[in-house]
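Listed below are the residues making up each chain.
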Amino acid sequence: MEYFPNIKQITYEGTDSKNPLAFKHYDCRQKILGKTMADHLRFAVCYWHTFKGTGSDPFGPGTIVRNYNSSDDPMRIAEMTMEAAFEFFTKLGVDFWCFHDRDISPEAQTLKETNTRLDKIAKLAKKLQSDNNIKLLWGTTNAFSNRRFMSGAGTNPSPHVFAYAASQVKKAMEITKELGGAAYLFWGGREGYETLLNTDMKRELEHLAILLQMAVDYKKDIGFNGQFYIEPKPKEPTKHQYDFDAGNCYAFLQKYNLAKHFKLNIEANHATLAGHSFQHELQFCIDNGLLGSVDANRGDLFLGWDTDQFPTDIYETTLAMYTILRSGGFTTGGLNFDAKVRRQSIDPTDLFHAHIGAMDVFARGLKNAAKMLTDGVFEDVIKQRYAGWNDGFGAKIEKKTAGLKECENYILEHGEPELQSGRQEFLENILNSYI
Ligand code: XUL
Ligand code: CO
């Protein structure tokens, strides 16, 4: 059955095209700095929002009705959804997808039955992957929706719930391996707290580290070679999420000797919720060898929660791609659209408009970033600004051969420093000239 019969293959038609169902900027085969756009951007569609999202919010149930949900049998729905998903990936022309175990297959009465269901759907996914030449960017488990996880998964006060979460991680990692996933992801769904009146934060964090170590060990046991990611988020669903931001995750990973096993998956909307720019979180990761992958979306300036909107801002995508390109680009990671169409966008075609726009805005970001990098204006400015450290007394400080006394002597001899403008407005104007 065809699930999107009104949609043909989406193709690149160039900037003059008026066709809303065509790319104006994303030309998958076009080479930028020696690599195709497809290989730079590594676009992925997320299963949860795009195929399982129905537009429900705290004030009302879903508004979106999909043809692949038209069955009384939940497993038939799971199969039809998977078929619809691969039709969507193929028509859109993305190379990757991402999923949670519970997105692709519904939970049953027991873990055993649930896992049998998962195996069945994973088999279908594997066939569709190979038929359509689509790859898995990452898989993960949903250990936050079921009521058993109301107080967390790895950080739950009950070891019984911890063990349940751990067994879900085990199975989800196995199917991720079976599907050739480039990575396995941990987002700390309800790993956080509502009040310290009932929470032993220290113990909970120790338990989280134990769970991750178990995963590291099991990964070795089964020979899964994918990369592990943690996805930071500062709040929502809990008031305080433990994996607050990239800096916080890094401190946690170092404390528990896990840093060499993990990279981070940076989500734009999570960065802004943490009070950081998307670019800041990316740069922090790059500076510390932590950049894994990206959940590409955006928040709303006026709303303080995770609205998960599709990216539309060329400034944001230009700065993000500039930062990613400067670091050498993605290896295992890519740009996963962890984004959902709005509650009133009820047509299947809206899913295509959302992804086409997002892919085009990242393609523009990539092209702008490549020009910025080739011209080297910003790199030169930074080089010049720090040139004082390359020799003389600056080099002595960097080599740690000067102490407080030497600094004092230097000032006594040289007096007041000469100040240099930061030239921010000048640089912002140059940035604008690329956009
Ligand atoms: C939630 C979120 C998740 C993760 C995967 O805010 O971003 O969907 O990306 O669990
Ligand atoms: Co995400």
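This one's a predicted model, so the numbers in the text were calculated from it and none came from an experiment.

**Points about the pattern of salt bridges**
Enumeration over the complete set of coordinates arrives at 17 salt bridges. Where Glu87 meets Lys91, a salt bridge forms, and the shortest distance between an N and an O atom there is 2.9 Å. Residue Glu87 and its partner Lys91 are both found in helix 3 (residues 74-92); the two are separated by four residues, about one turn of the helix. Lys91 carries the same exposure label as Glu87, and that label is buried. Each of the salt bridges in this network shares a partner with another, and the network as a whole consists of Asp101, Arg102, Glu107 and Arg148.

**Describing helix 3**
Structural remark: α-helix, 3.6 residues per turn; residues separated by three or four positions point the same way. Taking 1.5 Å per residue as the helical rise, helix 3 with its 19 residues ought to reach 27 Å, and the 26 Å between its terminal C-alpha atoms agrees with that figure. For helix 3, the side-chain oxygen to backbone nitrogen distance between the N-cap and Met75 is 2.9 Å, and the N-cap itself is Asp73. Gly93 sits one or two residues past helix 3 and shows a positive phi near 85°.

**Remarks on the site of ligand 1**
Taken together, Trp48, His100, Leu185, Trp187, Glu231, Lys233, Glu267, His270, Asp295, Asp306 and Asp338 form the complete shell of residues around ligand 1. Between His100 and ligand 1, the recorded distance is 2.7 Å, taken from a side-chain N or O atom to an oxygen atom. Taking Lys233, its side chain carries an N or O atom lying 2.9 Å from an oxygen atom of ligand 1. Relative to its free-state accessible area of 290 Å², ligand 1 is covered by the protein chains to the extent of 94%. Counted by class, the shell around ligand 1 contains three nonpolar, two polar and six charged residues.

**Describing the side chain of Ser17**
When you line up the elements, Ser17 lands in the segment before strand 1 (31-32). Its relative accessible area of 12% is what places Ser17 among the buried residues. Discounting chain neighbours no more than four positions away, the residues touching Ser17 are Ala22 and Lys24.

**Points about the domain arrangement of the protein**
Splitting the protein by domain gives domain 1 (31-375) and domain 2 (380-434). Taken over C-alpha atoms, the centre of domain 1 sits 40 Å from the centre of domain 2.

**Considerations on the pairing of strand 5 (residues 135-140)**
Counting buried residues in strand 5 gives five out of six residues, a clear majority hidden from the surface. In this sheet, strand 5 lies alongside strand 4 (residues 96-100) in parallel orientation, the contact comprising five bridges. From the neighbouring strand, Phe96 faces strand 5, where its bridge partner is Lys135.

**Topic: the packing of helix 8 (residues 246-255) against helix 10 (residues 278-287)**
Here helix 8 crosses helix 10 at 30°, and the two axes come no closer than 9 Å. Between helix 8 and helix 10, the angle is such that the two are roughly parallel. Between helix 8 and helix 10, the residues in contact are Ala246, Gly247 and Tyr250 and Glu281, Phe284 and Cys285, respectively. Residue composition of the contact of helix 8 with helix 10, by class: four nonpolar, one polar and one charged.

**Some thoughts on the coordination of the cobalt ion (ligand 2)**
The reference angle at a metal is 109.5 degrees if four donors form a tetrahedron and 90 or 180 degrees if six donors form an octahedron. Ligation of the cobalt ion (ligand 2) by protein atoms is provided by Glu231 (OE), Glu267 (OE), Asp295 (OD) and Asp338 (OD), these donors lying 1.9 to 2.1 Å from the ion. For the cobalt ion (ligand 2), the six donor atoms are set out with angles of 81 to 171° between them, so the coordination reads as octahedral. Each donor residue of the cobalt ion (ligand 2) belongs to the same chain, and together they define the spacing E-x35-E-x27-D-x42-D. Here Glu231 is found in strand 8 (residues 227-231), whereas its partner Glu267 is found in strand 10 (residues 262-267), with 36 residues between them in sequence. According to the relative accessible area criterion, Glu231 is buried, its value standing at 4%. On the accessibility criterion, Glu267 (1% relative accessible area) is buried.

**What about the state of the cysteines?**
One way to say it: the disulfide is the covalent bond shared by the sulfur atoms of two cysteines. For the structure shown, the criterion picks out zero disulfides. Cys46 carries a free sulfur, and the closest cysteine sulfur to it, the one in Cys98, is 7.5 Å from it. Residue Cys46 is classed as buried on the basis of its relative accessible area of 0%.

**Here's the deal with a nonpolar patch on the surface**
Residues Leu301, Phe302, Leu303 and Trp305 make up a contiguous nonpolar surface patch of roughly 530 Å² in combined accessible area. Following the sequence through the fold, Leu301 ends up in the loop between strand 11 (291-295) and helix 11 (314-326). The exposure class of Leu301 is exposed, given its relative accessible area of 78%.

**Details of the side chain of His270**
Note that His270 resides in helix 9 (residues 268-273). In contact with His270, not counting residues within four places along its chain, are Trp187, Glu231, Pro232, Lys233, Pro234 and Asp306.

**Topic: the nonpolar core**
The biggest cluster of nonpolar side chains holds 101 residues, and the ones touching the most others in it are Phe89, Trp97 and Phe362. If we skip the residues at most four places from it in the chain, Phe362 touches Leu41, Phe43, Phe278, Ala296, Pro311, Thr317, Met321, Leu335 and Phe337. Listed in part, the ten residues of the second largest apolar core include Ala44, Phe96, Leu137 and Ala183.

**Quick word on the environment of Trp305**
Along the polypeptide, Trp305 turns up in the loop between strand 11 and helix 11. On the accessibility criterion, Trp305 (46% relative accessible area) is partly exposed. In sequence terms Trp305 and Ala402 are 97 residues apart; their C-alpha atoms lie 48 Å from each other. Those residues within four positions of Trp305 in sequence are excluded, and the remaining contacts are Glu236, Asn269 and Leu273.

**Here we look at unusual backbone geometry**
Backbone torsion omega between Glu236 and Pro237 reads 10°, so that peptide bond is classified as cis. Within the secondary structure, Pro237 sits in the loop between strand 8 and strand 9 (240-241). Even without being glycine, Leu33 reaches a positive phi, approximately 45°. Mapped onto the elements of the fold, Leu33 is located in the loop between strand 1 and strand 2 (35-36). Backbone geometry places Glu236, a non-glycine residue, at a positive phi of 75°. With respect to the element layout, Glu236 can be found in the loop between strand 8 and strand 9.

The rules behind each value
- Residues numbered from 1 in each chain as written.
- Chains lettered and ligands numbered in written order.
- Predicted model: local features only at pLDDT ≥ 70, side-chain atom pairs only at ≥ 80, totals over all residues.
- Heavy atoms only, no water.
- Salt bridge = Lys/Arg side-chain N within 4 Å of Asp/Glu carboxyl O.
- Helix = DSSP H or I, 4+ residues; strand = E, 2+ residues; numbered from the N terminus.
- Buried < 20%, exposed > 50% of the residue type's maximum accessible area, 1.4 Å probe, protein only.
- Expected span 1.5 Å × (residues − 1).
- Polar contact = N/O pair within 3.5 Å; in protein donor to acceptor, adjacent residues only side chain to side chain.
- Near = heavy atom within 4 Å.
- Areas by Shrake-Rupley, 256 points an atom, 1.4 Å probe, with all protein chains shown as cover.
- Nonpolar A, V, L, I, M, F, W, Y, C, P; charged D, E, K, R; others polar.
- Contact = heavy atoms within 4.5 Å.
- Domains from an automatic or database assignment.
- Pairing = 2+ DSSP bridges.
- Axes fitted to C-alpha atoms, helices over the stretch in contact; angles between N-to-C directions.
- Parallel < 35°, antiparallel > 145°, perpendicular 65-115°, else oblique.
- Donors = N, O, S within 2.8 Å, 3.2 Å for Na, K, Ca; no water.
- Tetrahedral: all angles 85-135°; square planar, octahedral: opposite > 155°, others 65-115°.
- Disulfide = S-S within 2.5 Å.
- Patch = residues over 30% accessible without salt bridge, like charges linked within 9 Å, V, L, I, M, F, W, Y side chains within 5 Å.
- Core = buried A, V, L, I, M, F, W, Y, C linked by side-chain atoms within 4.5 Å.

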